[in-house]
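Below are the chains, spelled out letter by letter.
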Amino acid sequence: MAINPDDPLETGDAPVAIGHFINGASVSGAAGTRTAPVYNPAFGVRTGTVALASAEEVQAVIATASAAQKAWGDTPPLRRARVMFRFKELIERDHDRLAACITSEHGKTFSDAKGEVTRGLEVVEFACGIPHLIKGEHSLNVGSGVDSHSMQQPVGVCAGITPFNFPVMVPLWMAPVALACGNSFILKPSEKDPSAALVLAELLSEAGLPDGVFNVVNGDKEAVDTLLTDPRVGAISFVGSTPIAEAIYAKGSAHGKRVQALGGAKNHAVVMPDADIDQTIDALMGAAYGSAGERCMAISVAVPVGQETAERLVTGLKARLERLTVGNGLADPEPEMGPLVTAEHRDRVASYLDIGVAEGAELVVDGRTGDFPGSANAGQDETTGGKETNGFFIGGSLFDHVRPGMRIHAEEIFGPVLSVVRADDFDEALAIVNGHEFANGTAIFTRDGDAARTYTERVEVGMVGVNVPIPVPMAFHSFGGWKRSRFGILHAHGPDAVRFYTQMKTVTSRWPKGVRDAGSGSAFSMPTM
């Protein structure tokens with residue numbers, strides 16, 4: 001896609017004011033409200049100023065959502081599904097608009113952003129089946145003349161707190177199922193790239209969702225704390241780093257809410273000696289460096305089994321990294337990798353390169369010295385139209401001879417850095433993966449069915465790929481890790497989402513057959529059937 005002609009870097013426009021979406025309309029921040037900057041990371045230019053809601057503003061949004069929920073919850077599921085069907089059509093219509101919005105504020109390439117929208121759209125398609133998904137169960141004659149049936153009823157007001165790396169997909173993991181189940185929903189998106197959430201709100205309103213049922217409130221910790229403590233909010237969904245996920249789970253649970261909080265990751269890919277090494281390298285390049293590594297399912301650790309496998313893998317990855325194209329995600333031709341979301345995050349990722357070297361790892365490829373816009377090695381930069389850029393770029397980096405216990409192996413870097421941890425055999429590779437505190441996703445590359453089957457059974461990770469580098473489940477399955485990658489018992493989207501956004505009620509009924517049952521007297525013993 002061509003460079004956006006409306007980019008403030010090119011037009012000189014002032015940053016736009018970004019507010020909220022409340023009760024069916026766009027709303028500016030209150031007078032004197034705090035704000036945060038929003039950037040186009042490809043140029044390093046400030047493109048917007050987002051309002052940060054106060055506790056009082058969030059409380060007012062909760063009141064709006066609470067007032068709207070009763071009528072929406074009473075709406076027949078078939079009619080709620082029809083709103084989801086229309087919402088699906090509108091996302092398809094505005095697919096490119098949403099993707100361009102993602103790229104302009106997050107930085108990922110346009111094709112990657114389009115893929116993000118598609119994966120979110122799949123959850124909307126799943127939610128369209130809500131009349132079937134919440135049917136409940138029925139048992140006839142569980143006792144003499146006694147029937148039992150269950151109902152799945154809305155929780156009430158639900159809230160979602162979503163990360164910067166998937167500003168469309170993660171909100172769509174949450175809101176469509178919550179809404180289809182009859183809840184109202186408050187979305188608190190990342191203040192780093194808030195605009196896509198406002199577009200989703202507009203589309204839901206256009207789809208016929210009643211005012212107040214879906215609201216977007218931009219904010220920071222003050223807004224989050226209000227959602228976590230207000231008794232009118234019944235459920236909280238969160239995706240982000242592990243320390244924040246743990247804190248949100250603890251605080252929300254302490255205030256009587258059901259909470260699902262998905263945290264950080266350090267996803268390992270085991271490469272067996274029999275793997276197709278060229279296909280494995282292609283898979284790892286996309287999984288480690290796609291979206292600049294800003295994915296909770298990115299492969300950040302490769303575990304080759306055997307020294308020969310390791311040498312072939314590192315040699316191939318090094319050669320491939322030397323050809324990695326980095327630039328503006330909206331450029332034509334499109335680069336393979338865009339910038340990181342902020343300058344601060346870029347600098348944090350770069351700091352791990354120094355940490356790894358100090359710990360004794362071998363820095364095979366240093367992404368700070370690559371050929372990308374603004375770098376010392378950059379030539380005429382076609383991805384920014386030849387213009388100067390202060391974009392938040394860094395190239396792909398590769399470490400070898402990394403050992404468990406090093407910070408670059410233990411901590412989530414969340415950037416385009418791949419660490420190679422060598423293993424002598426399958427059992428050692430499995431132990432390396434199982435020894436990590438994070439357990440979101442993993443993959444094994446092999447042609448050996450026995451190795452693959454043993455790995456999938458014994459690995460202590462929530463999502464496993466066999467020759468699939470990023471094993472994100474489809475929308476009709478559920479997404480979630482193990483250990484310190486997930487807090488709460490239910491996963492995201494799929495069947496678990498329906499369980500999370502509904503409350504089970506079981507009804508047991510007996511209808512007297514007539515006057516012959518009259519006068520049977522009271523029963524004081526434990527009822528049995």
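The structure we're discussing is the one just above.
On a predicted model such as this, the values are computed, not experimentally measured, just so you know.

A. Here's a closer look at the pairing of strand β8 (residues 157–161). Counting buried positions along β8 yields five of five residues, so the element is predominantly enclosed. Burial along β8 is two-sided: the residues Val157, Ala159 and Ile161 and Cys158 and Gly160 are all buried. Looking at chain direction, β8 and strand β9 (residues 184–188) are connected through five bridges and run parallel. By the bridge assignment, Ala159 is partnered in β9 with Ile186. One crossover worth recording links β8 to the parallel β9 by way of helix α7 (residues 169–180), and it is right-handed. As judged from the five bridges shared by β8 and strand β11 (residues 233–239), these two strands associate in the parallel manner. Bridge pairing in β11 links Ala159 to Ile236.

B. Broad picture of helix α3 (residues 77–93). In this model, α3 (17 residues) spans 24 Å end to end at C-alpha, consistent with the 24 Å of a helix rising 1.5 Å per residue. Among the residues of α3, those classed as buried are Arg80, Ala81, Val83, Met84, Phe87, Lys88, Leu90 and Ile91. Lining the buried residues of α3 we find α2 (55–74), α4 (95–105), α5 (110–127), α6 (130–133), α7 and α8 (195–206).

C. Quick peek at the nonpolar core. Residues Trp173, Leu179, Phe185, Phe214 and Tyr501 are the most contacted members of the largest nonpolar core, which totals 74 residues. No other element matches α7, which puts 10 residues into this core. Setting aside anything within four residues of it in sequence, one finds Phe214 in contact with Phe21, Ala175, Leu179, Phe185, Leu187, Ala201, Leu204 and Leu209. Counting residues in each nonpolar core, the second largest holds 65 residues, with Val270, Val271, Ile277 and Ile355 among its members.

D. Just the packing of α3 against α8, in detail. Closest axis-to-axis distance for the α3/α8 pair is 8 Å, and the angle between their directions is 130°. With respect to α8, the axis of α3 lies oblique. In terms of crossing hand, the pair formed by α3 and α8 is right-handed. In this structure, α3 contributes Met84, Arg86, Phe87, Leu90, Ile91 and Arg93 to the contact, and α8 contributes Leu200, Leu203, Leu204 and Glu206. Split by residue class, the contact of α3 with α8 holds seven nonpolar, no polar and three charged.

E. Molecular detail of the state of the cysteines. Tallied over the full model, the rule gives zero disulfides. The cysteine Cys128 is free of any disulfide, with Cys181 supplying the nearest cysteine sulfur at 13 Å. In this structure Cys181 is not part of a disulfide, and its nearest cysteine sulfur, from Cys158, lies 8.6 Å away.

F. Expanded view of the sheet that holds strand β4 (residues 34–40). The strand order across the open sheet built from three strands is β1-β5-β4, with neighbouring strands paired in mixed fashion. Strand pairing shows two members of the sheet lacking a second neighbour, β1 (16–18) and β4, which therefore form its edges. The sheet shows a mean angle of 30° between the axes of neighbouring strands, taken without regard to direction. Sheet topology places β1 next to strand β5 (residues 45–52); three bridges connect them, and they run parallel. Bridge pairing links Ala17 to Thr49 in β5.

G. Structural context of the packing of aromatic side chains. Counted by the stated rule, this structure contains seven aromatic pairs. Considering the side-chain rings of Tyr39 and Phe392, the 5.9 Å spacing of their centres and the 75° angle between planes classify their relative orientation as edge-to-face. Here Phe392 lies in the loop between β15 (362–365) and β16 (397–400) and Tyr39 lies in strand β4, a separation of 353 residues in the sequence. Phe392 gets classed as buried once you look at its relative accessible area, which sits at 6%. Considering the side-chain rings of Trp173 and Phe479, the 4.4 Å spacing of their centres and the 40° angle between planes classify their relative orientation as tilted. With Trp173 in helix α7 and Phe479 in the loop between β20 (463–466) and β21 (482–483), this pair connects stretches of sequence that are 306 residues apart. For the pair formed by Trp173 and Phe479, the shared burial category is buried.

Procedures and definitions
Residues numbered from 1 in each chain as written. Predicted model: local features only at pLDDT ≥ 70, side-chain atom pairs only at ≥ 80, totals over all residues. Heavy atoms only, no water. Buried < 20%, exposed > 50% of the residue type's maximum accessible area, 1.4 Å probe, protein only. Helix = DSSP H or I, 4+ residues; strand = E, 2+ residues; numbered from the N terminus. Pairing = 2+ DSSP bridges. Right-handed = clockwise from strand over helix to strand, strands pointing away. Expected span 1.5 Å × (residues − 1). Contact = heavy atoms within 4.5 Å. Core = buried A, V, L, I, M, F, W, Y, C linked by side-chain atoms within 4.5 Å. Axes fitted to C-alpha atoms, helices over the stretch in contact; angles between N-to-C directions. Parallel < 35°, antiparallel > 145°, perpendicular 65-115°, else oblique. Left-handed = near helix turned anticlockwise from the far one by under 90°. Nonpolar A, V, L, I, M, F, W, Y, C, P; charged D, E, K, R; others polar. Disulfide = S-S within 2.5 Å. Phe/Tyr/Trp six-rings, centres within 6.5 Å; stacked < 30°, edge-to-face > 60°.

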